[in-house]
Amino acid sequence: MELKRLGASGVMVPEIGLGTWRYSGGSEPLRRGVELGANLIDTAEMYRTEDQVGEAIVGIRDDVFVATKVLGSNLRYDAVLRAADKSLRLLGIDKIDLYQIHWPNPSVPIGETMRAMERLVADGVVDHIGVSNFSVEDMQDAQAALDNNPIVSNQILYNLRRRRAERDVIPYCLENDIMVMAYSPLHEGALVGNSGGRIRQALGLSRDQHTLAEVAGETGKTAAQVALNWVADQEGMIAIPKSNSVARTEENCAASGWRLTAEQRQRLDRAFSV
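Residues numbered from 1 in each chain as written. Predicted model: local features only at pLDDT ≥ 70, side-chain atom pairs only at ≥ 80, totals over all residues. Heavy atoms only, no water.

Colleague: Would you take a moment to explain the overall build of the protein for this structure?
Modeller: Helices and strands together make up the secondary structure of the protein, namely 10 helices and 10 strands. By the compact-globule yardstick of 19 Å for 274 residues, the protein fits well, its C-alpha radius of gyration being 18 Å. Its C-alpha atoms put the protein at 55 × 40 × 30 Å along the principal axes. Burial analysis of the protein (274 residues in total) assigns 53% to the buried set. Sequence-distant contacts, at least 24 apart, represent 75% of the contacts inside the protein between residues at least 6 apart. Within the structure as shown, the protein displays about 12000 Å² of accessible surface, and the carbon and sulfur contribution to it stands at 46%. For the protein, the distance from the average site of its 30 positive side-chain charges to the average site of its 37 negative ones is 6 Å. (Helix = DSSP H or I, 4+ residues; strand = E, 2+ residues; numbered from the N terminus. Rg over C-alpha atoms; globule rule 2.2 N^0.38 Å. Buried < 20%, exposed > 50% of the residue type's maximum accessible area, 1.4 Å probe, protein only. Contact = heavy atoms within 4.5 Å. Areas by Shrake-Rupley, 256 points an atom, 1.4 Å probe, with all protein chains shown as cover. Lys, Arg positive; Asp, Glu negative; His and termini not counted. Charge placed at Lys NZ, Arg CZ, Asp CG, Glu CD.)

Colleague: Before we go on, may I ask you to explain helix α8 (residues 223-232) in this structure?
Modeller: Along an α-helix, a turn takes 3.6 residues, which lines up residues three or four apart on a common side. Of all 10 residues that make up α8, 10 are buried, and the element is covered over most of its length. Buried within α8 we find A223, A224, Q225, V226, A227, L228, N229, W230, V231 and A232. Where α8 is buried, its residues contact β1 (3-5), β9 (179-183), α7 (207-219), β10 (237-239), α9 (246-253) and α10 (262-271).

Colleague: Which parts of the structure should I look at to understand the packing of aromatic side chains?
Modeller: To describe a pair of aromatic rings, one takes the distance between the centres and the angle between the planes. Taken as a whole and assessed by the stated rule, the structure comprises 2 aromatic pairs. Pairing Y158 with W230 gives two aromatic rings, centres 5.5 Å apart and planes at 25°, and the pair type is stacked. Residue Y158 is located in the loop between β8 (151-157) and α6 (169-175), and its partner W230 is located in helix α8; the two are separated by 72 residues in the primary sequence. Judged by its relative accessible area of 0%, Y158 is buried. (Phe/Tyr/Trp six-rings, centres within 6.5 Å; stacked < 30°, edge-to-face > 60°.)

Colleague: What is the right way to look at the sheet that holds strand β4 (residues 40-42) in this model?
Modeller: Strand pairing in a sheet relies on backbone hydrogen bonds, with the paired strands running either antiparallel or parallel. With respect to topology, 8 strands assemble into an open sheet ordered β3-β4-β5-β6-β7-β8-β9-β10, the strand pairing being parallel. Edge positions in the sheet fall to β3 (18-19) and β10, since each of these pairs with one other strand and no more. One ladder, built from 3 bridges, connects strand β7 (residues 126-132) with β8; its direction is parallel. Pairing of S132 across the sheet is with Q155, part of β8. Against the sheet, helix α3 (residues 77-91) makes contact with β5 (65-70) and β6 (96-101), and its axis sits at roughly 135° relative to β6, the strand it touches most. α8 rests against β9 and β10 of the sheet, and its axis sits at about 155° to β10. (Pairing = 2+ DSSP bridges. Axes fitted to C-alpha atoms, helices over the stretch in contact; angles between N-to-C directions.)

Colleague: Looking at this model, I keep getting lost on unusual backbone geometry. Mind explaining?
Modeller: Most peptide bonds are trans, and most residues other than glycine sit at a negative phi. With a phi angle near 55°, R22 is a residue other than glycine that sits in the positive phi range. Looking at the element boundaries, R22 is found in the loop between β3 and α1 (27-35). R22 sits in the exposed class, given a relative accessible area of 55%. Of note in the backbone geometry, N133 takes a positive phi value of approximately 60° without being a glycine. Along the chain, N133 turns up in the loop between β7 and α5 (136-144). Residue N133 is classed as buried on the basis of its relative accessible area of 16%.

Colleague: In this structure, what is going on with the pairing of β9? I would like to understand it.
Modeller: Along a regular strand, successive side chains alternate from one face of the sheet to the other. Across the 5 residues that make up β9, a large majority, 4, are buried. Bridge count between β8 and β9: 5 bridges; the pairing is parallel. The partner of Q155 across the bridge, within β9, is M181. Since β8 and β9 lie parallel, the crossover through α6 that links them has a hand, and here it is right-handed. In the sheet, β9 pairs with β10 via 3 bridges, with the strands oriented parallel. (Right-handed = clockwise from strand over helix to strand, strands pointing away.)

Next comes the structure, spelled out in structure tokens:
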């Protein structure tokens, strides 16, 4: 598993992590992912999977980088502190490695929220501060509100078909040493079909899926692995796919450790043009 630096921190994280939105796979897929080097597990207060993650990491906590999120409706100072405490209890841990604001909330001053986030860092219950679904303006406001800590990541929707972030959010993150964590990197499975395996060229496939199938055939990888590698190979970016099965988790993890050629990337870019 290839590693990348988490934004302005000195921490290295895997380029393929483990997402848990709508997760129902139990402990085994998560533990297998950690064994394969995908030791970043991302959850959230909203997902209601923090307890499942907590069960999965019993006995291996030191090997796992735990990321979770506070709801956009819980961004008042005291609410942030309460939410973090609840997440810690559900996860069964004494420190959150990366605590993220799930969505910006214009009705709550960002300074109030960031004051709470920095309090959590100062108290030793959070290591790093991140955001999710933040625009460039949102990130600028959040950065200006922090006194002692950087924003190390912004978790955004990004995949071959959903590429609007390339216009401004991703360039801004690169310029400001903020890691991009791409959620739904397989477009909720729509890129590769329900099987998640190799896509054979056949009637009914869209033009972009035909190209994905061609590249998968050339590389000897699955369509899912090609789509994940396309994301994870980009500078300052990791992918956090979700899988409820051990087999699919193993497939996703094998998207790391190899690279598409420049020509293959160009063909995919053209096929999935914005």
